[in-house]
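Below, each chain spelled out in residue letters.
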Amino acid sequence: TEQAKLDKTSRYQLKLSEMALGGGGMWGRGFMKSIMKNNYLPEAHTDFIIAILGEEFGLAGVLVVMILYALFMISLFGISRLCVDRVSMLICQGIGVLIPFQALINIGVVSGFFPTTGLTAPFISYGGSSSISLLVCMGLISNVCINNMSMHSTNAQKESVLPSKLNFSD
């Protein structure tokens, strides 16, 4: 009986998140109309925020969030293609894989496909250390973009505007 009691309490958060996701259906209950957030799901604003998003906005809302993570990854890979040095390229590609992968694991945990890990949903979940690490990652990406823009503008300034036959600097 002790093991059965432990099993009931250890899966409590997961069962309620699955109920919240299922309760949202295809289009959701509506913004701020979550039942689980207000009454049943403890600490819904942390790792299980996707369950509340799924309840309020349905499967369509969760798919929109997943598409936004995919677009984020695609944009970081596009930035990495414009990088002039290998380190900047690897920073962009690493962060471009890290954040959507973390989001995929969080969505898998909330929906019950993966065991509960404690990974937050990037840019959505409430959490201090996760937010700080994401801000550091975005700072690195900003630095890479600024450095690459200055490199591209320096290279553009070195190029001649006139065709080679009319270039009088020779």
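Only a predicted model underlies this, so the values are computations on that prediction, with no experimental measurement involved.

Enquirer: Explain the overall build of the chain to me, using residue names and the numbers behind them.
Expert: On a plain count of helices and strands, the chain comes out with six helices and zero strands. Listed N to C, the secondary structure of the chain is α-α-α-α-α-α in terms of helices and strands. Within the chain, buried positions represent 30% of all 170 residues. Carbon and sulfur atoms make up 67% of the accessible area of the chain, which amounts to about 11,100 Å² in all.

Enquirer: Go over the side chain of Glu-56, please, and point to the residues and values.
Expert: Along the chain, the position of Glu-56 falls in helix 4 (residues 49-81). Beyond its immediate stretch of four places on either side in the chain, Glu-56 contacts Trp-27, Gly-28, Arg-29, Gly-30, Phe-31, Met-32, Lys-33, Ser-34 and Lys-37.

Enquirer: Any details on the side chain of Asn-106? Residues and values, ideally.
Expert: Secondary-structure assignment places Asn-106 in helix 5 (residues 86-111). Overall, the relative accessible area of 1% leaves Asn-106 in the buried class. Engagement of the side chain of Asn-106 in a polar contact is seen with the backbone oxygen of Asp-47, the distance being 3.0 Å. The residues contacting Asn-106, other than those within four sequence positions of it, are Asp-47, Ile-50, Leu-119, Thr-120 and Ala-121.

Enquirer: An account of the pattern of salt bridges is requested, with residue identities and associated values reported.
Expert: This structure, assessed with the given rule, holds three salt bridges. For Glu-55, the salt bridge is made with Arg-29, and the minimal N-O distance between the two is 2.9 Å. Here Glu-55, found in helix 4, pairs with Arg-29, found in the loop between helix 2 (12-24) and helix 3 (35-39); they are 26 residues apart in sequence, far enough to count as distant. Of the charged contacts, one joins Lys-37 and Glu-56 as a salt bridge, the two residues approaching to 2.9 Å between their closest N and O atoms. In this pair, Lys-37 sits in helix 3 while Glu-56 sits in helix 4, placing the two residues 19 residues apart along the sequence.

Enquirer: Please give an account of the nonpolar core that cites residues and values.
Expert: Among the nonpolar cores identified, the biggest contains 30 residues, and Met-36, Leu-41, Ile-50, Tyr-69, Ile-95 and Ile-99 are the most heavily contacted of them. Elements represented by at least two residues in this core include exactly helix 2, helix 4, helix 5 and helix 6 (128-158). Here this core takes 10 residues from helix 4, the largest share from any one element. Apart from the residues lying within four places of it in its own chain, the contact partners of Met-36 are Leu-16, Met-19, Ala-20, Leu-41, Ile-52 and Glu-55.

Cut-off values and rules
- Residues numbered from 1 in each chain as written.
- Predicted model: local features only at pLDDT ≥ 70, side-chain atom pairs only at ≥ 80, totals over all residues.
- Heavy atoms only, no water.
- Helix = DSSP H or I, 4+ residues; strand = E, 2+ residues; numbered from the N terminus.
- Buried < 20%, exposed > 50% of the residue type's maximum accessible area, 1.4 Å probe, protein only.
- Areas by Shrake-Rupley, 256 points an atom, 1.4 Å probe, with all protein chains shown as cover.
- Contact = heavy atoms within 4.5 Å.
- Polar contact = N/O pair within 3.5 Å; in protein donor to acceptor, adjacent residues only side chain to side chain.
- Salt bridge = Lys/Arg side-chain N within 4 Å of Asp/Glu carboxyl O.
- Core = buried A, V, L, I, M, F, W, Y, C linked by side-chain atoms within 4.5 Å.

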